Amino acid sequence: KAGVTQTPRYLIKTRGQQVTLSCSPISGHRSVSWYQQTPGQGLQFLFEYFSETQRNKGNFPGRFSGRQFSNSRSEMNVSTLELGDSALYLCASSSSGTNYNEQFFGPGTRLTVL
Amino acid sequence: AQSVTQLGSHVSVSEGALVLLRCNYSSSVPPYLFWYVQYPNQGLQLLLKYTSAATLVKGINGFEAEFKKSETSFHLTKPSAHMSDAAEYFCAVGLDSDRGKLIFGQGTELSVKP
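Remember, predicted model here, so these are calculated numbers, not experimental data.

S.K.: Whenever I open this one, the overall build of chain A confuses me. Can you help?
M.R.: A tally of helices and strands in chain A yields zero helices and eleven strands. Listed by position from the N terminus, the elements making up chain A come as β-β-β-β-β-β-β-β-β-β-β. Computed over C-alpha atoms, the radius of gyration of chain A comes to 13 Å, within 12% of the 13 Å expected from 2.2 N^0.38 for 114 residues, which places it in the range of a compact globule. For chain A, the C-alpha atoms occupy an extent of roughly 35 × 25 × 25 Å along the three principal directions.

Next comes the structure, spelled out in structure tokens:
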């Protein structure tokens, strides 16, 4: 089976712009979770989608949003970018979203905000 | 609220020596516990997981971890370090009630000296 894929791998934006990141889960997985990884804050949970519904949400401002499509692919959007949004954004998929089943991570999208 | 503490942001061992990476968790209910490894410019790869079966868990690449409820610990060990083990290691906790969300420790960077 193909693993989790994320596009693009690298992105450079300027402050105030918006950005959309894409994640394709492992075939058959219905849950997609998103994380932000920075040197200062480490790995932080953004949100989780299952069957096109957001089931769980972390502690991020409303500028961070997401959605999931009927084929389980997910997108994450960040509006009005700030310098502090520079990070590696990781998505992970699992079969059910329950934490009994492990999450499989993609390679990430490295976002740089200038 | 659950949390994860990894003792030591950097650990250095000689090739062939024992690897011990420490993880303590805080949770009011029995958690699921995971160890992930991250190589430079890559996503996270699952090493092993504890899901309330055997307390001694064996993972990939010769790693294992022991769940000790009395000490709220889930330390990662490997009897003999290899140069290819140099990477960053993350301990994570998940709960049944918090779907799709993992709480990660700050990570431990492992260096292996020849």
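Having seen it, we continue.
S.K.: Which parts of the structure should I look at to understand the environment of A:Tyr10?
M.R.: Residue and element names in this part refer to chain A. In this structure, Tyr10 sits in strand E2 (residues 10-13). What makes Tyr10 exposed here is its relative accessible area of 54%. Distance in space between the C-alpha atoms of Tyr10 and Thr112 is 8.0 Å, their sequence separation being 102 residues.

S.K.: Looking at this model, I keep getting lost on the sheet that holds strand E3 (residues 19-24) of chain A. Mind explaining?
M.R.: In any sheet, the strands associate via hydrogen bonds between backbone groups, in a parallel or an antiparallel arrangement. All names here are of chain A. If you trace the four strands from one edge of the open sheet to the other, you get E1-E3-E8-E7, paired in antiparallel fashion. Of all strands in the sheet, those bounded by a partner on one side alone are strand E1 (5-7) and strand E7 (64-68). Between one strand axis and the next, the sheet turns through 20° on average, direction left out of account. With three bridges connecting them, E1 and E3 associate as antiparallel partners. Across the sheet, the residue bridging to Gln6 is Cys23, located in E3.

S.K.: When you look at the nonpolar core in this model, what are you seeing that I'm missing?
M.R.: Nonpolar side chains tend toward joint burial in soluble globular proteins. Of all hydrophobic cores here, the largest spans 27 residues; its most connected members are B:Trp35, B:Leu47, B:Leu48, B:Phe74, B:Leu76 and B:Tyr89. For this core, the secondary-structure elements that each account for two or more residues are strand E2 (10-14), strand E3 (19-26), strand E4 (32-38), strand E5 (44-50), strand E7 (64-68), strand E8 (73-78), strand E9 (87-94) and strand E11 (108-113) of chain B. In contact with B:Leu47, not counting residues within four places along its chain, are B:Trp35, B:Tyr36, B:Val37, B:Gly59, B:Ile60, B:Phe63, B:Leu76 and B:Tyr89. Core analysis: the second largest hydrophobic core is formed by 21 residues, A:Leu21, A:Val32, A:Leu81 and A:Ala87 among them.

Scoring rules and cut-offs
- Residues numbered from 1 in each chain as written.
- Chains lettered and ligands numbered in written order.
- Predicted model: local features only at pLDDT ≥ 70, side-chain atom pairs only at ≥ 80, totals over all residues.
- Heavy atoms only, no water.
- Helix = DSSP H or I, 4+ residues; strand = E, 2+ residues; numbered from the N terminus.
- Rg over C-alpha atoms; globule rule 2.2 N^0.38 Å.
- Buried < 20%, exposed > 50% of the residue type's maximum accessible area, 1.4 Å probe, protein only.
- Pairing = 2+ DSSP bridges.
- Axes fitted to C-alpha atoms, helices over the stretch in contact; angles between N-to-C directions.
- Core = buried A, V, L, I, M, F, W, Y, C linked by side-chain atoms within 4.5 Å.
- Contact = heavy atoms within 4.5 Å.

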